[in-house]
Amino acid sequence: MTAVTLAPPRGGFGNAIARTLRDGGVITWRNLMNVRRNPELLLSATLQPIMFVLLFAYVFGGSFGGGAYREFLMGGIFAQTVAFNSAFTTIGMANDLQKGVIDRFRSLPMSRMAVLLGRTTADLAVNSLGLVVMSLCGLIVGWRIRGSFTDAVLGFAVLLLFGFVMSWIGAFVGMLAGKVEVAQSAGFIWMFPVTFISSVFVVQTTLPGPLRTFAEWNPVTAVADSARSLFGNPPLPGFERPEGWVADNATLYAILCCIAIFAIFAPLAVAKYRKVASK
Amino acid sequence: MGSRFDGVAVRAEGLVKSFGSTRALNGVDLEIPTGQVLGLLGPNGAGKTTTVRILTTLLKPDSGSAMVAGHDAVADPDAVRRSIGLSGQYAAVDENLTGFENLYMVARLYGMSRSQSRARARELLERFRLTEDGDRPSKGYSGGMRRRLDLAGALVARPVVVVLDEPTTGLDPRGRMDTWEVISELVDDGTTVLLTTQYLEEADQLADAIVVIDKGKVIAGGTADELKNQVGGERLELIVADAADLRSTARVLAEVGSGEPSTDVHTRKADILVDTGPKALIEALRRLDAENILVSDVALHRPTLDDVFLALTGHAAEEDSTDTKGVAV
Ligand SMILES: Nc1ncnc2c1ncn2[C@@H]1O[C@H](COP(=O)(O)OP(=O)(O)O)[C@@H](O)[C@H]1O
Ligand SMILES: [Mg+2]
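The structure presented is a predicted model; accordingly, all values stated were derived computationally and were not measured.

Draft legend 1. Representation of the coordination of the magnesium ion (ligand 2). Residues and elements named next belong to chain B. Donor atoms from the polypeptide that bind the magnesium ion (ligand 2) are Thr49 (OG1) and Gln89 (OE1), placed at 1.9 to 2.2 Å. Taken as a pair, Thr49 in helix α1 (residues 48-55) and Gln89 in the loop between β6 (84-87) and α3 (99-109) lie far apart in primary sequence, 40 residues in all. Judged by relative accessible area, Thr49 falls into the partly exposed class, the value being 25%. Note on Gln89: relative accessible area 23%, which makes it partly exposed.

Draft legend 2. Fine view of the interface of chain B and chain A. Taken together, the 36 residues of chain B in the interface contact 33 residues of chain A. For the pairing of chain B and chain A, the buried interface totals around 3300 Å² over both sides, and the portion due to carbon and sulfur atoms is 56%. On the chain B side of the interface with chain A, the three residues burying the most area are B:Arg82, B:Leu109 and B:Arg158, jointly 21% of the side's total. The partner of A:Arg19 in a salt bridge is B:Asp78, with the nearest N and O atoms 3.1 Å apart. Counting every contact that joins chain B to chain A gives 14 residue pairs in polar contact (both at pLDDT 80 or more). Of all the secondary structure elements, the ones that give two or more residues to the side of chain B that touches chain A are α2 (77-83), α3 and α5 (143-155) of chain B. Partitioned by chemical class, the residues of the side of chain B that touches chain A number 18 nonpolar, seven polar and 11 charged.

Draft legend 3. Seen up close, the nonpolar core. In terms of nonpolar packing, the biggest core is built from 70 residues, with A:Phe105, A:Leu116 and B:Ile210 touching the most fellow members. Looking at which element gives the most residues to this core, the answer is α3(B), with seven residues. Residues within four places of A:Leu116 in sequence aside, it is in contact with A:Met93, A:Trp168, A:Ala171, A:Met175, A:Ala269, A:Val270 and A:Tyr273. Of all hydrophobic cores here, the second largest spans 52 residues; its members include A:Phe52, A:Phe78, A:Ala83 and A:Val180.

Draft legend 4. Representation of the sheet that holds strand β13 (residues 269-274) of chain B within the structure. All names here are of chain B. Strands sit in the order β12-β13-β11-β14 across an open sheet of four strands; the sheet is antiparallel. Two strands close off the open sheet at either side, each with one partner strand: β12 (258-264) and β14 (295-301). For this sheet, the mean inter-axis angle between neighbouring strands, taken without regard to orientation, is 15°. In the sheet, β12 pairs with β13 via four bridges, with the strands oriented antiparallel. Among the inter-strand pairings, Asp264 is bridged to a residue of β13, identified as Lys269. Contacts from helix α9 (residues 246-256) reach β11 (234-240), β12 and β13, with the element oriented near 5° to β13.

Draft legend 5. Focus on the packing of helix α2 (residues 41-64) of chain A against helix α3 (residues 66-98) of chain A. Residue and element names in this part refer to chain A. Taken N-terminus to C-terminus, the directions of α2 and α3 make an angle of 150°; their axes are 9 Å apart at the nearest point. Here α2 is positioned roughly antiparallel relative to α3, judged by the angle of their axes. The chirality of how α2 crosses α3 is right-handed. Contacts between α2 and α3 involve Ser44, Ala45, Gln48, Pro49, Phe52, Val53, Phe56, Ala57, Tyr58, Gly61, Gly62 and Phe64 from the former and Gly66, Tyr69, Arg70, Leu73, Met74, Ile77, Gln80, Thr81, Phe84 and Phe88 from the latter. Taken together, the residues of the contact of α2 with α3 sort by class into 14 nonpolar, seven polar and one charged.

Draft legend 6. The arrangement of the packing of α3(A) against helix α6 (residues 149-177) of chain A in detail. All names here are of chain A. Running from N to C, α3 and α6 point in directions that differ by 35°, and their axes come no closer than 7 Å. Read as a crossing pair, α3 and α6 show a hand that is right-handed. Of α6, the residues touching α3 (which contributes Phe78, Ala79, Val82, Ala83, Asn85, Ser86, Thr89, Thr90, Met93, Ala94 and Leu97) are Leu159, Phe162, Gly163, Phe164, Met166, Ser167, Gly170, Ala171, Val173, Gly174 and Met175. In the contact of α3 with α6, the residues fall into 14 nonpolar, eight polar and no charged.

Quick notes on the rules
Residues numbered from 1 in each chain as written. Chains lettered and ligands numbered in written order. Predicted model: local features only at pLDDT ≥ 70, side-chain atom pairs only at ≥ 80, totals over all residues. Heavy atoms only, no water. Donors = N, O, S within 2.8 Å, 3.2 Å for Na, K, Ca; no water. Helix = DSSP H or I, 4+ residues; strand = E, 2+ residues; numbered from the N terminus. Buried < 20%, exposed > 50% of the residue type's maximum accessible area, 1.4 Å probe, protein only. Contact = heavy atoms within 4.5 Å. Buried area = accessible area lost by both parts, 1.4 Å probe. Salt bridge = Lys/Arg side-chain N within 4 Å of Asp/Glu carboxyl O. Polar contact = N/O pair within 3.5 Å; in protein donor to acceptor, adjacent residues only side chain to side chain. Nonpolar A, V, L, I, M, F, W, Y, C, P; charged D, E, K, R; others polar. Core = buried A, V, L, I, M, F, W, Y, C linked by side-chain atoms within 4.5 Å. Pairing = 2+ DSSP bridges. Axes fitted to C-alpha atoms, helices over the stretch in contact; angles between N-to-C directions. Parallel < 35°, antiparallel > 145°, perpendicular 65-115°, else oblique. Left-handed = near helix turned anticlockwise from the far one by under 90°.

By themselves these figures say nothing about function.
Written out as structure tokens, the structure reads:
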């Protein structure tokens, strides 16, 4: 037999990271090829936000203030859309674990994190496409970016970062769910309270008691308000303004939440993956 | 290949594994000298796949140790993964990727460069007769083609140890012959192969040594010949022209053979175990001739691995196996 062509592994933390990124890149490529062969997977990621924009802009918009509400709404729907990325990762992860190819991955000398990283990165790419479609949709209903270019870039960056870290929660939930059928409901169900009890569709000060407190501290609120302020979209007129440190520092709080979510759920997801991978 | 692992490529000692209250493995030992083929033989549920999964680092044993290519499968799974190629019981291919993309991806994940990976993928497609379909999504492949693609995936990094879990189950005869050929080529290259099978004939054909497991325990081991000798002797079987002669035939057989002869009126068949093979056959025919009993067919069977299995476990390994090397008269 000819010599084994594998490069001998080099130790060290730097190399472990390089290998994780490289293998994660290969798995990302594989996941995006899967999307390319099944373009219908893109439908829910793009059609759903469009539905929300149209429904809320025109069904609820009328009673909330028409054009001003639509301007207010877009930041919220951006935040909601990236949060829902988590549900797609939940289903994708459960799907991955049920496929035969996972046994191939597990018998290869690849990074243990690569399957998770490849899943969350590919979902981020799909999510970015959803953001583009929504932005166009927003422009059609009258939303505009009124702030500076750098603020707008920062605005999209925060949204994508939030989508990415939500994806790691989704991956964890997907492995807990195990079966794809379970993942399909488990992935979405907790999304509804998390995205609706927030400033996505309404001003948080209009909510009663405990719901208001929840909404004020909800990272989804921070991401929505951060997008509004970075895109230069004015607050909804005629409502009590939110107050406090979180309201005044929405972008910073949103980024801190992203860091915290990642710091908690990335290790949890990796540990869970190791467990389901050696059952 | 050097003597990096002192001549033993795979060594499992005292493997125990339970799933809930099911004890899948109950102390399995096995050893494969470098460059040899070991057939792990057992009926459904015997613990073959569990053994394979432990040796290939997919599963941790509750106790016991597994050394593969000089590395500990529990303590250093990554080193084991670099040395092995696995083709599991169910094809581990991504259905949405083409045959080429599947192999390319595996090569990349083994750490090969892009150009190395492309070249290796094309080479393997060629070797496994998949070149024509290599750029089609594997979703549309037949079961046999998927199996071949999976086997190709196991060989991407030219591993020193190849583990094949029931590689021919569900294949048509052509596919089975192909797979056997690939295994012989691996052996020619000096690769060590662990092969599980439910087909006694397959282990007989391909393996240098056979380990028989049943209910999570090794119940016998050795070469095919050694196992057959454990049953001892051969079986003399004959068919008489007239069913009325069966009773006297049985008497004659009892004189030349050992144990109780058995007869069947419908098939006019009588048989018995004999220690002396051809000599007993000639003696039986001579005596029957002397009694004017007309024999229409006679055969001497070496015990098959089926017989071995039956003798070892008291139950058959599979319903249907026809591994008879008879001498027809
Ligand atoms: N993941 C699992 N969970 C529960 N029981 C299992 C699992 N895997 C295998 N078993 C049980 O362990 C025993 C051995 O199974 P297996 O190793 O797959 O046998 P074989 O491959 O020889 O058919 C069987 O009784 C099987 O039902
Ligand atoms: Mg099996």
